[in-house]
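Chain by chain, the residues:
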Amino acid sequence: MTEPRSFLLRYVGARFEGHRLPLDVLPDLSAFRDLLVSFVKVEWRTAHAERERLPKGFEKSIAFDLVGVLDGSAVPQLEWDRDTAQALLPDFKDELEMLVAKAYTKVLSLIYSASGPVGATKLTSENIRALNRFGSSLFPDEKIEFLDSRGADGNVVFLDTYRRKRLITRGRDSYQTRFEAIGKLLRSGIDPTGTLGTITINTSEYGTIDVPVSPERARDDFGPYLEADVQFRLMIELGSDDTFRGIVEVYDVDVIDAKVVADLAVCRDRIASLVSLGDGWHNGSGKPPTYAAVATASRLLARKPGMAGNYSIFPTDMGGLLFEFSHRGWDYSIEIGPAGMVEIYGTETAGDKEMDTEPLDVFSDEFARQFDFVTRGHG
């Protein structure tokens, strides 16, 4: 009996440590299947040019099962269900197996090509629809590796936000991606028919955006809280130049707890006061915080809003910012340099253990891992 054809996709990033697979990335797996099927169809039509249509049950015959999540950064193991092909297309199951293998090679080649000059591969609308869903949940510091693959450079082929955007915008002038942030609630309203609610949020990334919600939520959950901070997770469409086009799907949107809002306001006011420091504020040598340092501080606050009440914030002589806090028996310092890079230091309160990191990019996988570790237990 032929062994089932397996596909191993490794999700790399802080969210996936300990072979955890968050539920919001599960749609990736069906999108991967759809991407593969779109290439299988091309292979079939090439091999059977005399046929006008695909055989009945063709697409359903290419079914995959999630048979496990392996150790390491989360590794979902998918298997092609040969039995389904046997039931639906018994005369073509062997050929389908060969076509699935060829299509997978084409998918890998396409993804690898995204890192180089734009190639000649012409993407179909079906390819692009699948790509717009596959990897849409990735953060900038995350990627999906195809473990049984090697590119021309000898390394494992992977998909990240950069490659994904390049692939999709070859075939159209926009792409879809996830957007998670905190914004200010400006307006809340219900349309004249009473069937659609909308809230308007001011974001630092894309200006004001209108988010659809139910009329009940517009009235009860947001109406009384204008000017409050709102945390949201959306799927959005961006142009190839990264300009905002619209909202594709709303995952969740909520007003942040009043105490957290107040704590965030204290932190922001403190940072604003430090920005106003003049040159030489510290014995003639201190510099005020740079724009890069302030931008990183804003991202740090947005990553764990529930931590805001724990921070004491100070300027550094070189134009950076220092966040200090105590947590779980440790005293921590997060130093943001003038270029926006971050270093984390820690000392055990009742012991002699210490920890420190190299300078990290706030978007990097390593920063996410370290920051989540030292702030675990806070929202």
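This write-up is about the structure you can find in this document. Chains are numbered independently. Their residues run from 1 in the order of the written sequence. Predicted model: local features are reported for residues with pLDDT of at least 70 only, side-chain atom pairs are reported and counted for 80 or more only, and whole-chain, interface and lining totals are derived from all residues. Hydrogens and water molecules were not included; the side-chain quantities draw on all heavy atoms of the structure.

Quick look at the overall build of the chain now. Here a strand is any run of E in DSSP of at least two residues, a helix any run of H or I of at least four, and the numbering for each starts at the N terminus. Per the secondary structure count, the chain includes nine helices and 15 strands. Counting only C-alpha atoms, the chain reaches 80 × 60 × 40 Å along its principal axes. The buried label applies to any residue whose accessible area, calculated with a 1.4 Å probe on protein chains only, is under 20% of its type's maximum; exposed applies above 50%, and partly exposed to all values in between. Considering the chain as a whole, with its 379 residues, one finds that 43% of them fall into the buried category. We call two residues in contact when some of their heavy atoms are within 4.5 Å. A fraction of 59% describes how many contacts in the chain between residues 6 or more apart in sequence connect residues 24 or more apart.

What follows deals with the layout of surface pockets. As a volume, the second largest pocket reaches approximately 250 Å³. The rule is simple: put a 1 Å grid over the protein atoms alone, call a set of points where a 1.4 Å probe fits but cannot get out a cavity, call an open set with protein on both sides within 12 Å along at least five of seven lines a pocket, and count a residue as lining if it has an atom within 4 Å of a point. Contributing to the lining of the second largest pocket are 14 residues, with Pro27, Ser136, Met235, Glu249 and Tyr251 lying nearest its centre. Taken together, the elements giving at least two residues each to the lining of the second largest pocket come down to helix H1 (27-47), helix H4 (125-133), strand S6 (174-190), strand S9 (229-239) and strand S10 (244-255). With three residues, the single largest contributor to the lining of the second largest pocket is S10. Residue type decides the class: Asp, Glu, Lys and Arg count as charged, Ala, Val, Leu, Ile, Met, Phe, Trp, Tyr, Cys and Pro as nonpolar, and the leftover types, Gly among them, as polar. Considered class by class, the residues forming the lining of the second largest pocket number four nonpolar, four polar and six charged. Grid points are joined across faces, edges and corners, and a volume is the space filled by probe spheres set on the points.

All right, on to empty space enclosed by the protein then. Applying the stated criterion across every chain yields a total of one cavity of 30 Å³ or more. In this structure, the largest cavity spans a volume of roughly 30 Å³. If you trace the largest cavity, you find it lined by Ala14, Arg15, Phe139, Asp141, Glu142, Arg303, Ala368 and Asp372. Per-class residue counts for the lining of the largest cavity are three nonpolar, no polar and five charged.

Patches were defined on residues exceeding 30% relative accessible area and lacking a salt bridge, with like-charge contacts within 9 Å and nonpolar side-chain contacts (Val, Leu, Ile, Met, Phe, Trp, Tyr) within 5 Å. Surface accessibility in these figures is a Shrake-Rupley result with a 1.4 Å probe; residues are shielded only by whichever protein chains are displayed. Throughout this description, the term salt bridge denotes a Lys or Arg side-chain nitrogen within 4 Å of a carboxyl oxygen of Asp or Glu. Working convention for charge: Lys and Arg count positive, Asp and Glu count negative, and His plus the chain ends are omitted. To locate a charge, take atom NZ for lysine, CZ for arginine, CG for aspartate or CD for glutamate. On the surface, a cluster of negative charge is contributed by Asp352, Glu354, Asp356 and Glu358. Tracing the chain through its elements places aspartate 356 in strand S15 (residues 354-356). Take aspartate 356: its relative accessible area is 55%, and that puts it in the exposed class.

Further remarks concern the nonpolar core. Among buried residues, the Ala, Val, Leu, Ile, Met, Phe, Trp, Tyr and Cys ones that are joined through side-chain atoms within 4.5 Å form a nonpolar core. One finds Phe7, Tyr11, Phe134 and Phe146 to be the most contacted residues of the largest nonpolar core, which totals 59 residues. Once residues within four sequence positions are removed from consideration, phenylalanine 146 is found in contact with Leu8, Leu9, Phe32, Tyr104, Leu108, Ile111, Phe134, Val156, Val157, Phe158 and Leu159.

Planes of paired rings set the category: under 30 degrees apart is stacked, over 60 is edge-to-face and the rest tilted, where pairs are Phe, Tyr or Trp rings (Trp by its six-membered ring) whose centres lie within 6.5 Å. The final tally for this structure, using the stated rule, is 15 aromatic pairs. Measuring from centroid to centroid gives 6.4 Å for phenylalanine 32 and tyrosine 104, while their planes differ by 90 degrees, and the two rings are edge-to-face. Note that phenylalanine 32 is positioned in helix H1 and tyrosine 104 in helix H3 (residues 93-113), a separation of 72 residues in sequence. Accessibility assignment for this pair places phenylalanine 32 and tyrosine 104 in one class, buried. Between phenylalanine 179 and phenylalanine 232 the ring centres are 5.2 Å apart and the planes differ by 70 degrees, which places this aromatic pair in the edge-to-face class. Pair noted here: phenylalanine 179 is in strand S6 and phenylalanine 232 is in strand S9, with a separation of 53 residues, a long-range link. With a relative accessible area of 7%, phenylalanine 179 lands in the buried category. Three or more aromatic residues link up through ring pairs in this structure, and these residues are Phe7, Phe32, Tyr104, Phe134 and Phe146. Remark: a charge is flagged as sitting over a ring if the NZ atom of Lys or the CZ atom of Arg is within 6 Å of the ring centre and within 35 degrees of the ring normal. Against the face of phenylalanine 158 rests arginine 163, its NZ or CZ located 4.0 Å from the ring centre. Over the aromatic face of phenylalanine 373 sits the side chain of arginine 328, whose NZ or CZ is 5.5 Å from the ring centroid.

The next subject is helix H9 (residues 365-374). When H9 is considered as a whole, its buried residues turn out to be Asp365, Phe367, Ala368, Gln370, Phe371 and Val374. Here the buried face of H9 lies against helix H8 (291-303), strand S12 (321-327), strand S13 (330-336), strand S14 (342-348) and S15.

Moving on, we get to the sheet that holds S6. At least two DSSP bridges between two strands are needed for those strands to be called paired. Judged by pairing direction, the sheet is antiparallel, and its five strands sit side by side in the order S8-S7-S6-S9-S10 without closing on themselves. Each having just a single partner strand, strand S8 (207-213) and S10 make up the two edges of the open sheet. On average, each strand axis in the sheet is tilted by 40 degrees relative to the strand beside it, whichever way the strands run. Axis definition: a line fit to C-alpha positions, over the contact stretch in the case of helices; interaxial angles, taken between N-to-C directions, run 0 to 180 degrees.

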